[in-house]
Amino acid sequence: MSSKPELKGRAARLAQLFPTGPGQAARTPFVLLVVLLLGGGLIGLLVLNSALSEGAFKLDDLQRETKSLTDEEQALQRDIDAYSAPEALQRRARELGMVPGGDPAFLAPDGTVKGVPSPAPGVGQTSAHIPLVLAPEAMSNGSTSTFGR
């Protein structure tokens, strides 16, 4: 009795494609392939881990810089708010010799005056208290050139 059954038809043709002898595939190429794949995978993981670490360091630096710039922006905004506060504007205007305006009058498109204007308080002061305001041409350090020429 044979240990292998006889095959017929298509199964027989397919069986002819496979080796019938006690052949064994060489193990060395397979082992080398597995070792190369594992080594390549480990090297790939090492490169990926290094890239992620570098990205984490850059992210940390950028977050630190963002915090510093945010603090600077907030300090500048506080300075702007302090300079634009009504009390600060009023104090600086008085230092420049400005006075609060009186009641305004408005001109209509047809040329009529609406309202009754009143002078600003302090307009009747002596000329020693009124600051001197110069035109831009007078402030040009004696040169004869002007902006438009």
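The coordinates are above.
Since the model is a prediction, treat every value here as computed from it, not as a measurement. (Residues numbered from 1 in each chain as written. Predicted model: local features only at pLDDT ≥ 70, side-chain atom pairs only at ≥ 80, totals over all residues. Heavy atoms only, no water.)

Student: Please set out the overall build of the protein chain residue by residue, giving values where relevant.
Tutor: Within the protein chain one finds three helices and two strands. Each helix and strand of the protein chain, ordered N terminal to C terminal, gives the series α-α-α-β-β. Of all 149 residues assigned to the protein chain, the portion counted as buried reaches 3%. Residue pairs at least 24 apart in sequence account for 7% of intrachain contacts in the protein chain once pairs closer than 6 positions are excluded. Surface accessibility of the protein chain: about 14,000 Å² in total, with carbon and sulfur atoms responsible for 64%. (Helix = DSSP H or I, 4+ residues; strand = E, 2+ residues; numbered from the N terminus. Buried < 20%, exposed > 50% of the residue type's maximum accessible area, 1.4 Å probe, protein only. Contact = heavy atoms within 4.5 Å. Areas by Shrake-Rupley, 256 points an atom, 1.4 Å probe, with all protein chains shown as cover.)

Student: Provide a residue-level description of the pattern of salt bridges, including the pertinent values.
Tutor: This structure, assessed with the given rule, holds five salt bridges. Two residues, Lys58 and Glu54, come together in a salt bridge whose shortest N-O distance is 3.7 Å. Here Glu54 and Lys58 lie together in helix H2 (residues 27-83), a separation of four residues that amounts to about one turn. Of the residues examined, Glu54 reaches a relative accessible area of 45% and is grouped as partly exposed. What emerges from the salt-bridge pattern is a single network uniting Asp60, Asp61 and Arg64. (Salt bridge = Lys/Arg side-chain N within 4 Å of Asp/Glu carboxyl O.)

Student: Quick rundown of a nonpolar patch on the surface? Include the residues and the values.
Tutor: A cluster of nonpolar residues, Phe30, Val31, Val34, Val35 and Leu38, forms a patch on the protein surface that exposes about 470 Å² of accessible area. As for its position among the elements, Leu38 is in helix H2. (Patch = residues over 30% accessible without salt bridge, like charges linked within 9 Å, V, L, I, M, F, W, Y side chains within 5 Å.)

Student: Go over the environment of Lys114 with me, naming the residues and quoting the values.
Tutor: Mapped onto the elements of the fold, Lys114 is located in strand S2 (residues 113-114). Between the C-alpha atom of Lys114 and that of Pro104, which follows or precedes it by 10 residues, the distance is 9.1 Å. Apart from residues no more than four positions distant in its own chain, Lys114 is found in contact with Ala105, Phe106 and Ala108.

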